[in-house]
Amino acid sequence: PWTIKAGFKFDLASIPRFLWSIIAPFELSVEAPLVHDYCYKYPDKFCNRKQADKFFRDIMKREGVPYWKRVVAYRAVRMFAGAVWERHK
(Lines give C-alpha, C1' and ligand atoms only; values in the text may rest on other atoms or scores of the structure.)
Protein backbone atom coordinates (compact mmCIF):
# COMPACT_ATOMS: atom_id res chain seq x y z
CA PRO A 1 0.00 0.00 0.00
CA TRP A 2 1.13 3.51 -0.83
CA THR A 3 0.33 6.84 0.67
CA ILE A 4 0.06 9.73 -1.74
CA LYS A 5 0.49 12.92 0.21
CA ALA A 6 -2.18 15.57 0.20
CA GLY A 7 -1.38 18.33 -2.24
CA PHE A 8 0.14 16.09 -4.92
CA LYS A 9 -0.72 17.75 -8.22
CA PHE A 10 -1.95 15.59 -11.06
CA ASP A 11 -3.88 16.33 -14.22
CA LEU A 12 -6.27 13.37 -14.34
CA ALA A 13 -5.57 11.85 -17.73
CA SER A 14 -3.72 13.90 -20.34
CA ILE A 15 -6.25 13.56 -23.11
CA PRO A 16 -6.26 16.32 -25.72
CA ARG A 17 -9.37 18.48 -25.43
CA PHE A 18 -10.48 17.76 -29.00
CA LEU A 19 -10.91 14.05 -28.06
CA TRP A 20 -13.07 14.68 -25.00
CA SER A 21 -16.27 13.98 -26.95
CA ILE A 22 -14.98 10.42 -27.37
CA ILE A 23 -13.19 9.89 -24.06
CA ALA A 24 -12.80 12.55 -21.39
CA PRO A 25 -10.24 12.46 -18.56
CA PHE A 26 -12.86 12.31 -15.81
CA GLU A 27 -14.31 9.14 -17.36
CA LEU A 28 -11.20 7.13 -16.42
CA SER A 29 -11.75 7.37 -12.64
CA VAL A 30 -9.73 9.60 -10.34
CA GLU A 31 -7.66 6.94 -8.62
CA ALA A 32 -6.17 5.42 -11.79
CA PRO A 33 -4.60 8.61 -13.18
CA LEU A 34 -3.58 9.72 -9.67
CA VAL A 35 -1.58 6.54 -9.05
CA HIS A 36 -0.22 6.60 -12.60
CA ASP A 37 0.93 10.21 -12.34
CA TYR A 38 2.50 9.55 -8.94
CA CYS A 39 4.46 6.61 -10.31
CA TYR A 40 5.61 8.71 -13.25
CA LYS A 41 6.59 11.61 -10.99
CA TYR A 42 8.82 9.29 -8.95
CA PRO A 43 10.13 6.80 -11.54
CA ASP A 44 11.63 3.57 -10.29
CA LYS A 45 10.89 4.48 -6.65
CA PHE A 46 7.75 2.34 -6.53
CA CYS A 47 7.69 0.58 -9.87
CA ASN A 48 8.95 0.67 -13.43
CA ARG A 49 7.05 2.27 -16.32
CA LYS A 50 5.36 -0.92 -17.49
CA GLN A 51 4.11 -1.64 -13.97
CA ALA A 52 2.82 1.94 -13.60
CA ASP A 53 0.87 1.58 -16.84
CA LYS A 54 -0.55 -1.76 -15.67
CA PHE A 55 -1.63 -0.18 -12.37
CA PHE A 56 -3.44 2.45 -14.44
CA ARG A 57 -5.23 -0.25 -16.46
CA ASP A 58 -6.06 -2.46 -13.48
CA ILE A 59 -7.38 0.38 -11.32
CA MET A 60 -9.62 1.56 -14.16
CA LYS A 61 -11.03 -1.97 -14.37
CA ARG A 62 -11.63 -2.09 -10.61
CA GLU A 63 -13.31 1.33 -10.77
CA GLY A 64 -15.73 0.14 -13.47
CA VAL A 65 -14.38 2.07 -16.45
CA PRO A 66 -15.81 0.47 -19.62
CA TYR A 67 -13.53 -2.01 -21.37
CA TRP A 68 -13.03 -0.01 -24.59
CA LYS A 69 -12.05 3.13 -22.67
CA ARG A 70 -9.54 1.16 -20.57
CA VAL A 71 -8.00 -0.33 -23.69
CA VAL A 72 -7.72 3.02 -25.48
CA ALA A 73 -6.27 4.77 -22.40
CA TYR A 74 -3.82 1.96 -21.62
CA ARG A 75 -2.57 1.75 -25.21
CA ALA A 76 -2.21 5.52 -25.35
CA VAL A 77 0.04 5.62 -22.27
CA ARG A 78 2.05 2.67 -23.54
CA MET A 79 2.59 4.38 -26.92
CA PHE A 80 2.91 8.05 -25.98
CA ALA A 81 3.93 8.46 -22.32
CA GLY A 82 7.49 7.18 -22.55
CA ALA A 83 8.91 10.67 -22.95
CA VAL A 84 7.18 11.80 -19.76
CA TRP A 85 8.65 8.84 -17.85
CA GLU A 86 12.13 9.61 -19.17
CA ARG A 87 11.82 13.30 -18.32
CA HIS A 88 11.36 12.46 -14.63
CA LYS A 89 14.29 10.05 -14.43
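To be clear, the structure that these remarks concern was listed above.
Let us look at the structure shown here. Just so you know, these numbers come straight off a predicted model, no measurement behind them.

## Section: the overall build of the chain
A count of helical and extended segments in the chain gives four helices and zero strands. Sequence-ordered secondary structure for the chain, helices as α and strands as β, is α-α-α-α. For 89 residues, the compact-globule estimate of 2.2 N^0.38 gives 12 Å, and the C-alpha radius of gyration of the chain, at 12 Å, lies within 12% of that figure. In terms of principal-axis extent, the alpha carbons of the chain reach across some 35 × 25 × 25 Å. Across the 89 residues of the chain, 39% fall into the buried class. Relative to all contacts within the chain whose residues are 6 or more apart in sequence, the contacts with residues 24 or more apart total 62%. Of the roughly 6,000 Å² that the chain leaves accessible, carbon and sulfur atoms contribute 58%.

## As for the packing of helix α1 (residues 31–41) against helix α2 (residues 49–62)
Two numbers describe how α1 lies on α2: the axes approach to 8 Å, and their chain directions differ by 170°. Classified by the interaxial angle, the pair formed by α1 and α2 is roughly antiparallel. Facing Glu31, Ala32, Pro33, Val35, His36, Cys39 and Tyr40 of α1, the residues of α2 in contact are Arg49, Ala52, Asp53, Phe55, Phe56, Ile59, Met60 and Arg62. Within the contact of α1 with α2, the residues separate by chemical class into ten nonpolar, one polar and four charged.

## Some details on the packing of α2 against helix α3 (residues 67–80)
Relative placement of two packed helices is described by the angle separating their axes and the distance separating the axes. Taken N-terminus to C-terminus, the directions of α2 and α3 make an angle of 165°; their axes are 10 Å apart at the nearest point. In terms of their interaxial angle, α2 and α3 are classed as roughly antiparallel. Both α2 and α3 take part in a crossing whose hand is right-handed. Within the contact between the two elements, α2 uses Arg49, Lys50, Asp53, Lys54, Phe56, Arg57, Met60 and Lys61 and α3 uses Arg70, Ala73, Tyr74, Val77, Arg78 and Met79. Looking at the contact of α2 with α3, its residues break down into six nonpolar, no polar and eight charged.

## A few points about the nonpolar core
The biggest cluster of nonpolar side chains holds 18 residues, and the ones touching the most others in it are Leu28, Ala52, Phe56 and Met60. Counting only elements with at least two residues in this core, the list comes to α1, α2 and α3. Non-local contacts of alanine 52, meaning those with residues more than four positions away in its chain, are made with His36, Cys39, Tyr40, Cys47 and Trp85.

About the criteria used
- Residues numbered from 1 in each chain as written.
- Predicted model: local features only at pLDDT ≥ 70, side-chain atom pairs only at ≥ 80, totals over all residues.
- Heavy atoms only, no water.
- Helix = DSSP H or I, 4+ residues; strand = E, 2+ residues; numbered from the N terminus.
- Rg over C-alpha atoms; globule rule 2.2 N^0.38 Å.
- Buried < 20%, exposed > 50% of the residue type's maximum accessible area, 1.4 Å probe, protein only.
- Contact = heavy atoms within 4.5 Å.
- Areas by Shrake-Rupley, 256 points an atom, 1.4 Å probe, with all protein chains shown as cover.
- Axes fitted to C-alpha atoms, helices over the stretch in contact; angles between N-to-C directions.
- Parallel < 35°, antiparallel > 145°, perpendicular 65-115°, else oblique.
- Nonpolar A, V, L, I, M, F, W, Y, C, P; charged D, E, K, R; others polar.
- Left-handed = near helix turned anticlockwise from the far one by under 90°.
- Core = buried A, V, L, I, M, F, W, Y, C linked by side-chain atoms within 4.5 Å.

By themselves these figures say nothing about function.
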